[in-house]
Amino acid sequence: MIFLNPAALWWLSLLIPLAALYFLKVKPERHQSALLFLWEKVFQEKQSSTLFKRFRNWLSLLLLTLAFIAIVFAMAKPYFAGLSGRRNLIIIIDCSASMNTLQGGESIFEMAQQKARNIIRNLLPSQRAVLASVGTDMKILVGATSNKRELLEGISKLKPTQCALNPEAFRFLKKRKDFYPDSRALLLTDGCFIGAASLRSIEIIKVGSKKNNAGIIGFDIVRLPSGNNSDAGIYINCASTYPDQIQVDLSLACGTPGNVIKVFPLKLKKGVNRPQILKVENAPSGKWFASLDKPQSLSIDNMTCAILRDPPPVKVGILSSNGIYSLLVGSYSQGKTMTVVSKSPEVLICEGNEPEGNNVDKIIIIKPYGKSSFWNHCGSIVDLQTVDIDIAEHPVMKFLKMDNTEIEGVRQLTAPQNSNIIAKTNSGQPLIYKTTSQGKTAYVLNFDPMQGDFFLQVDFPVLLGTAVMDLYGRGASLPPVFKTGSRLPSGTATAFTGGTMLCPDNTVVAYEPDKKLKMPGFYTLKKNGRTLQIAAALLSAPDTLVASSKVESTNKPVASGIPVSLILLVSAILLISLEEILYNRRKAG
């Protein structure tokens, strides 16, 4: 046995005066009595019970001595050497959005808090703990301490966020191996984040169970070249944990959530569903909302928002004898998305190959032919092919329905190694890919849109338009909606640094580049008379697929039990109570 406060053992020296006081005899007072015969019987009974009374005195002393020793040992804070190997703890509580999921009237986060409290209350006197939270990053809330009150207060102050958990946050522990040596890291989580099953240095304590839920995990809105070009294309992706297919209504609203423009019925299967492309005619620019009508255990993923913008048109140059390209690009000009120019284009569309002396660094090449730095080999035309989409969520492809479409004019072609192949043919030929060479970026469309009248289908003008916008960088630099927990692109962040940001909860904060979009909703940035609106939403498949059954607890038993000091104090109270009973019996005779 080892004592954390051995100085308290000096109190045992008081046992000697305690025993001396116990046997100290008080000289009785003498009193005269004329009735001696009444006392003779008392003296006889007292003499017969003297041996028993002496035994009771020794037993009483023993009880008080044991009680006193128990109290002193409790003050010395003992623990057994065999338990000294119980390591200190780093208690990490998951504060991501999925922890808001309700189960049985309380959230998974509240369950995690209660489990953390139980661990802290059961800490041994020899153990210390660190309290941390993890969400978009990891924060140390209470440093290494054995003060249970301080740790419990830290847990009570914690609140779940509305952002997905960032797995990179765990690098905090990996980068600082000396942070708390010889300790165990315990993560209380529902396991709804990427990489949860692969954690090695952190033990998982699974909280919550699988729950039925459905939500929006992907949303985008852009202009489409249709009619007067005021139509919008909607990209929507949903996920569900329901075991059977469910029917929900997707409501699209503009301006305010109550101003519903259109309602689409959706059928959702278990897991991540196939993205759907929807169309809204005469869609005004500004704030847009998408919401599911079915109540869920996690409400934050039922609604998302985005901003449909009408930025200045992109200047597009066309080098082709076929006027169809000018016609298609011109259809975008009505919506001010892009316009055809003859001088100083920002994006160039050409057939066959890049023209000599070209100084435009963003190019779309259709029907590739000959030698070019944008492909390694270009051979003969192959037979009729069907389209096989490699990256369905790519900005160029996610508004298209080209999968399994028959296409003609495809050549045998070898793409450079640095190429991002977005779609290929059923025979494996690169069909649509993005590549860079000599400081220029190009999209190569390895087919002839004029054959088979593919140019008459809505997919081709959309493909052309999205490729132009992606090359120009407009979509990538300022998307219609950001994920909560993310930061703004560096260019936008720099432009508004030092300004103000109006958050969805109507609070105004000073804007700096490190500011994260922690709440879903709309933000307004202002600086020097310039205003910019941006939107944020959860859009996280792991959070929507709440309490994934693939993640299980990996923690070993946590040291727990009643402290030895408490056991000693309770024993002392029992011994003193027993002595009190004996004392009362002595007084009674």
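The rules behind each value
Residues numbered from 1 in each chain as written. Predicted model: local features only at pLDDT ≥ 70, side-chain atom pairs only at ≥ 80, totals over all residues. Heavy atoms only, no water. Pairing = 2+ DSSP bridges. Helix = DSSP H or I, 4+ residues; strand = E, 2+ residues; numbered from the N terminus. Contact = heavy atoms within 4.5 Å. Axes fitted to C-alpha atoms, helices over the stretch in contact; angles between N-to-C directions. Expected span 1.5 Å × (residues − 1). Buried < 20%, exposed > 50% of the residue type's maximum accessible area, 1.4 Å probe, protein only. Polar contact = N/O pair within 3.5 Å; in protein donor to acceptor, adjacent residues only side chain to side chain. 1 Å grid on protein atoms, 1.4 Å probe; cavity = no way out; pocket = protein on both sides within 12 Å on 5 of 7 lines; lining within 4 Å. Points joined across faces, edges and corners; volume = space filled by probe spheres on them. Nonpolar A, V, L, I, M, F, W, Y, C, P; charged D, E, K, R; others polar. Salt bridge = Lys/Arg side-chain N within 4 Å of Asp/Glu carboxyl O. Core = buried A, V, L, I, M, F, W, Y, C linked by side-chain atoms within 4.5 Å. Domains from an automatic or database assignment. Parallel < 35°, antiparallel > 145°, perpendicular 65-115°, else oblique. Phe/Tyr/Trp six-rings, centres within 6.5 Å; stacked < 30°, edge-to-face > 60°.

Peer 1: Whenever I open this one, the sheet that holds strand β26 (residues 420-425) confuses me. Can you help?
Peer 2: Strand pairing within a sheet occurs via backbone hydrogen bonds; the two strands may be parallel or antiparallel. Taken together, nine strands build an open sheet; the order of strands is β19-β18-β20-β21-β28-β27-β26-β23-β24 and the sheet is mixed. What marks the edges here is a single partner per strand, and that holds for β19 (338-340) and β24 (406-407). Along the sheet, helix α8 (residues 459-472) makes contact with β18 (314-319), β19, β20 (347-351), β21 (362-366), β27 (430-437) and β28 (440-445), crossing β21 at roughly 155°.

Peer 1: Looking at this model, I keep getting lost on helix α4 (residues 108-121). Mind explaining?
Peer 2: An α-helical turn contains 3.6 residues, so any two residues separated by three or four positions project in the same direction. For α4, built from 14 residues, the straight-helix expectation of 20 Å at 1.5 Å per residue is met to within 8% by its first-to-last C-alpha distance of 20 Å. All of the buried residues in α4 are Ile108, Phe109, Met111, Ala112, Gln113, Ala116, Arg117, Ile119 and Ile120. For α4, the secondary structure elements touched by its buried residues are β3 (88-94), β4 (102-103), β5 (106-107), α5 (148-157), β8 (183-189) and β9 (203-206).

Peer 1: What should I look at first to understand the side chain of Asp231 in this one?
Peer 2: Residue position: Asp231 is located in strand β11 (residues 231-240). By relative accessible area, which is 6% here, Asp231 ends up buried. A distance of 2.9 Å separates a polar atom in the side chain of Asp231 from the backbone nitrogen of Asn282.

Peer 1: Looking at this structure, how should I read empty space enclosed by the protein?
Peer 2: Counted by the stated rule, this structure contains one cavity of 30 Å³ or more. Considering only enclosed or pocket space, the largest cavity measures out at about 40 Å³ in volume. Contributing to the lining of the largest cavity are Ile236, Asn237, Cys238, Leu266, Leu268, Asn273, Arg274 and Gln276. Taken together, the elements giving at least two residues each to the lining of the largest cavity come down to β11 and β13 (260-268). Counting residues per element, the lining of the largest cavity draws most heavily on β11, at three residues. The residue makeup of the lining of the largest cavity, split by class, is four nonpolar, three polar and one charged.

Peer 1: Where do I start with the pattern of salt bridges in this structure?
Peer 2: Side chains bearing opposite charge may pair, as long as their charged atoms lie close to each other. Within the structure shown, the criterion is met by 14 salt bridges. Among the ionic pairs, Arg171 bridges to Glu168, the shortest N-O distance being 2.3 Å. On the accessibility criterion, Glu168 (44% relative accessible area) is partly exposed. Each of Glu351, Lys367 and Asp448 takes part in salt bridges that share partners, so that together they form one network.

Peer 1: Can you help me understand the nonpolar core in this one?
Peer 2: Side chains of a nonpolar character, in soluble globular proteins, are inclined to be buried together. Grouped together as the largest cluster of nonpolar side chains are 43 residues, with contacts concentrated most on Ile349, Ile364, Met402, Ile432, Phe447, Phe460 and Leu464. In terms of residues, this core owes the most to one element, α8, which gives eight residues. The residues that make up this core include at least three from each of domain 3 (214-306 + 538-544) and domain 4 (314-476). With sequence-adjacent residues up to four places away left out, Leu464 is seen in contact with Tyr325, Leu328, Val329, Ile349, Ile364, Ile366 and Leu445.

Peer 1: Just to check I follow, could you spell out the packing of α4 against α5 for this structure?
Peer 2: Relative placement of two packed helices is described by the angle separating their axes and the distance separating the axes. The interhelical angle for the contact between α4 and α5, taken along N-to-C directions, is 175°, at an axis separation of 10 Å. When the axis of α4 is compared with that of α5, the two are roughly antiparallel. Mapping the contact onto sequence places Gln113, Ala116, Arg117, Ile120 and Arg121 in α4 and Lys148, Leu151, Leu152, Ile155 and Ser156 in α5. Considered class by class, the residues forming the contact of α4 with α5 number five nonpolar, two polar and three charged.

Peer 1: What is the right way to read the packing of aromatic side chains from this model?
Peer 2: Here the distance between the centres and the angle between the planes together describe a pair of aromatic rings. Applying the stated criterion across every chain, the model contains six aromatic pairs. For the pair Phe170 and Phe193, a centre-to-centre distance of 5.7 Å together with 35° between the ring planes defines the contact as tilted. With a gap of 23 residues between them, Phe170 in the loop between α5 and α6 (171-175) and Phe193 in the loop between β8 and β9 connect regions that are remote in the sequence. Residue Phe170 is classed as buried on the basis of its relative accessible area, which comes to 4%. Since its relative accessible area comes to 5%, Phe193 is described here as buried. Taking the centre distance of 5.3 Å and the plane angle of 80° together, the rings of Phe289 and Phe522 count as edge-to-face.

Peer 1: Where do I start with the side chain of Asp220 in this structure?
Peer 2: Residue placement: Asp220 occurs in strand β10 (residues 214-224). Since its relative accessible area comes to 9%, Asp220 is described here as buried. When residues no more than four places from it in sequence are discounted, the contact partners of Asp220 are Gly233, Ile234, Tyr235, Lys398, Phe399 and Pro480.

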